[in-house]
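# Geometric and topological summary
Spelled out, the chains give:
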Amino acid sequence: MNRQAKGKTPRRPPKKPSSNQKDPVGVYCRVRPLGVEDEECCIEVISSTTIQLHAPEGFKTNRNGEYKETQYSFKKVFGVSISQIELFEHVAKPLVDDLIHGKNGLLFTYGVTGSGKTFTMTGSPGQGGLLPRSLDMIFKSLASYQAKRYVFKTDDKNGMEVQNEVDALLERQRRENNLPAPKTTSSRQKLDPEIADMIRQEEAYEADGVDEDSSYSVFVSYIEIYNNYIYDLLEETQEDAIKPKPPQSKILREDQNHNMYVAGCMEVEVKSAEEAFQVFWKGQKKRKVANTRLNRESSRSHSVLIIKLAQAPLDADGDNILQDKNQVTVSQLCLVDLAGSERTGRTGAEGTRIREAGNINQSLLNLRTCIEILRENQMCGTNRMVPYRDSKVTHLFKNYFDGEGKVRMVVCVNPKADDYEETLLVMRFAELTQEVEVARPVDRPICGFTPGRRHRNQVFKEELSRKLEERGGPTDRDVPTVLSHMMHSLPPLPSCELTDPHDDITLPRLIEALQNRYRVRQMMIDEYNQAANMMRSMLQDLDSNFNSKDNFIHEQNGKLIEKDKIIQNNKAEIERLEKRTKMQEHKIDILQKTTKIYEDDKRSLRQELETREQRLQREQSEKRRMEQRMHGVVTDTQYKWEKECDRRVNAMQLEMQNKLWVKDEKLKQLKAIVTESKTPGRPDPPPRQTQPKRPSREERTPAKRSASPSPVPTATPVRPLHRRSRSAGGEKWVDHKPSSSLDLGTVLQPVIPNAIQVSAPSEKALSKCDRYVLTHQEVASDGEIQTKLIKGEVIKTRGGGQAVQFTDIETLRQQLTTAPSRKRRSSEGKAANGDQADGAWTDVETRCSVAMEMRAGSKMGPGYEHHGITKRRKP
């Protein structure tokens, strides 16, 4: 069972090989004469290949000297004094030579509006342009080698067919019968006076090396590209005055050789330069033109005249055209008159004209883009796609830039100062185009017949006519000569005018002349009879010879019949063997297809296997990398959590020890107070509270410092731990007291031994210490200033820096006692202020209500002095 292969885009058949040699695009420049109303000129012709642009004074003033004098080189520059014939000789004549020798060519004019493009291409009476001179040269070169009309016939697929003379005659009769009016015999009589005498006879050219063993036919077609739509200017349309039908646009197609052509375009076979130019002028009248501020007849579309030349070799006898379509060579020359680029502000365009100008500028911009990408691909070795399809102009002529023929461009410029800016852009585009190279077209294959066949056939016909004339049998072309000779051999008639009724001389003279004519006629009849008898005898001899040859032919036919039977038998055997061979070939094809399918499956499976193996290897390597990464992450996380757990356990142990120590101290104070209250008499005032002994570092469990830095070192939230301060120990502190701190003059002041006092923290100071304390002052709710000691640990980070992790906040407040005591105090009766203060402290209730404020988890040691804060009494 045949299984279809995977769907792929079918590959195109290879194009005919192009030559490896390349030629640059030939760019020529033609300068139009300056108008009468124009005063300032901005273009100067320096040499035959160079021109120079001068910026007008206005532009220098407005642009601050941005535009400078620039020079541009071309293949040849044609000044204002160059004639049309000189321009044709350098630009279009080589393209016409290539056309006759079977090569394609493209010639287009480019420039701003009003620069003389249409005059360069078409010309005027007495000054024919490139187009009429090209047509004249083609027909002057092919004058005696043209085939009869309709021997070459175009098909609908950009091809050419060959008909024999009988079919061509029938085709001619059919088309002539369909014409509404008979065709005039002389094409010169119907020429339009506007195009008459375009070329003088002394200015005609002929091509060299024309193949005389071929027959030629010329076809012309004329189209315009208007608003990026293609219209056929030679299409016959039925004119309806009531409801006129708009012209139908044409589409572009690609033939079997990948050449672009306009489908459904009318191609007219022409036999003379006058007829061809008349066809062109008929379409020229339909072209879109309009009156603008810069040009009275401004072209609003791109026009393309396609001259197609079909040539086919003669047969071996040199008499008839070879009836082989593969031997027909078709070459074409495209003459393009591009519409000029324009600015709507200068032309004063409105409505439809603005749309036309936009489409013209867009198509020219697409042409410039294609040229730039071609140049980039050739100079930089890139392979960017050339956007031919963005415009109909570039899409139609893409084959020429791909190596299907020569490309030449005539840049027309107007030297007036108003066009300087547009002319500068045109020059840059021309300079860019000269750097594009086009492959040189290959020569057409040479036919295998012997050259000189046409000449030998003409010599043979002339010799045959001479021999027939010697034998007395006039040829067809000699029949008028024989009749005139016979009329001249008769005696002349005398004058037959009778002036007198008694004239006896005129009538007898006329009778005598008629008798002589009769006698001569009888002699001629006798000679004719003798010749006829002689011819009859010759025919009888020929008939007898024919009969004898007929008998011989019958004998030979009998032998041929026998040979035919043998041949038929051999043919039957050959057919049997061919059928068997075809069957075997079919089986071989099936096996080959099956083998190919299996090989494709094997190749695809192998590729899939290799792809999966590569994917598996990538996944395994990715898995190993992921395992290593996750192992590292797990190790780091485990290490961090172990450190964090140890730190938290140590912090919790220290917090619990501090809490127990605080409770023990409170119990001891309470016990002391209770014991003193039981003793008789007034006890002495207790001494100032001394700081209880702090457990030594050996007795305390040291707090482990975390190895990992804080997530946000500079904005760590305050830990909710409250423990005694350890600032009296051997650790070094950074005492950060801002310069704006005030001295409150209180008795109890924080004393931090072994500390470095700074007004602003620095990395150098932090690297030398283990602890950090910040003194911060702010106004409390009662209007008094309170001091906060914000403490923290200095931790070294992995990057080599230091971070501070805040652990505790101590608040120092100053409170004044102004309310009188409601209960009797033991120190009652003494008026001294010092004694009153002491009595307040010796009173049991007061001593119980005053305690040392100590936050849980504080690391402050007993060496610190704290302000006593009176506890709030219950109401």
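To keep things clear, this report deals only with the structure shown in the data block. (Residues numbered from 1 in each chain as written. Predicted model: local features only at pLDDT ≥ 70, side-chain atom pairs only at ≥ 80, totals over all residues. Heavy atoms only, no water.)

## Here's the deal with the sheet that holds strand β4 (residues 50-53)
- Taken in spatial order, the three strands of this open sheet run β3-β4-β5, and their pairing is antiparallel. In this open sheet, the two strands that pair with only one neighbour each are β3 (43-45) and β5 (70-73). With direction set aside, neighbouring strand axes in the sheet form an average angle of 25°. (Pairing = 2+ DSSP bridges. Helix = DSSP H or I, 4+ residues; strand = E, 2+ residues; numbered from the N terminus. Axes fitted to C-alpha atoms, helices over the stretch in contact; angles between N-to-C directions.)

## As for a nonpolar patch on the surface
- A surface patch of nonpolar side chains, amounting to about 500 Å² of accessible area, comprises Met534, Met535, Met538, Leu539 and Leu542.
- With respect to the helices and strands, the residue leucine 542 is situated in helix α15 (residues 506-678). (Patch = residues over 30% accessible without salt bridge, like charges linked within 9 Å, V, L, I, M, F, W, Y side chains within 5 Å. Areas by Shrake-Rupley, 256 points an atom, 1.4 Å probe, with all protein chains shown as cover. Salt bridge = Lys/Arg side-chain N within 4 Å of Asp/Glu carboxyl O.)

## Describing helix α3 (residues 93-100)
- Here α3 lies mainly inside the structure; seven of its eight residues are buried.
- Residues Lys93, Leu95, Val96, Asp97, Asp98, Leu99 and Ile100 constitute the buried set of α3.
- Phi for glycine 102, located one or two positions after α3, is positive at around 85°. (Buried < 20%, exposed > 50% of the residue type's maximum accessible area, 1.4 Å probe, protein only.)

## Regarding the pairing of strand β7 (residues 104-110)
- By the criterion of burial, β7 is predominantly enclosed, with seven of the seven residues buried.
- Looking at chain direction, β7 and strand β21 (residues 405-413) are connected through seven bridges and run parallel. Looking at β21, one finds that glycine 105 is bridged to lysine 406.
- Inspection of the sheet shows β7 paired to strand β20 (residues 329-337) by five bridges, in the parallel sense.

## Some thoughts on the pairing of strand β25 (residues 771-779)
- Both strand β23 (residues 733-736) and β25 contribute to a ladder of four bridges, which runs parallel. Within the sheet, the bridge partner assigned to tryptophan 733 lies in β25 and is arginine 771.
- Note: β25 against strand β26 (residues 785-796), nine bridges, orientation antiparallel. Among the inter-strand pairings, glutamate 778 is bridged to a residue of β26, identified as glutamine 786.

## Some points on the packing of helix α2 (residues 84-91) against α3
- Their axes nearest at 4 Å, the elements α2 and α3 cross at an angle of 50°. One element, α2, and the other, α3, form an angle in the oblique class. Facing α2, whose interface residues are Phe88, Glu89, His90 and Val91, α3 presents Lys93, Pro94 and Leu95.
- Of the residues belonging to the contact of α2 with α3, the class tally is four nonpolar, one polar and two charged. (Parallel < 35°, antiparallel > 145°, perpendicular 65-115°, else oblique. Contact = heavy atoms within 4.5 Å. Nonpolar A, V, L, I, M, F, W, Y, C, P; charged D, E, K, R; others polar.)

## Here's the deal with α2
- Every buried residue of α2 is accounted for by Gln84, Leu87, Phe88 and Val91. All buried residues of α2 lie within an arc of 100° about the axis, which places them on one face of the element. (Arc of directions from axis to C-beta.)

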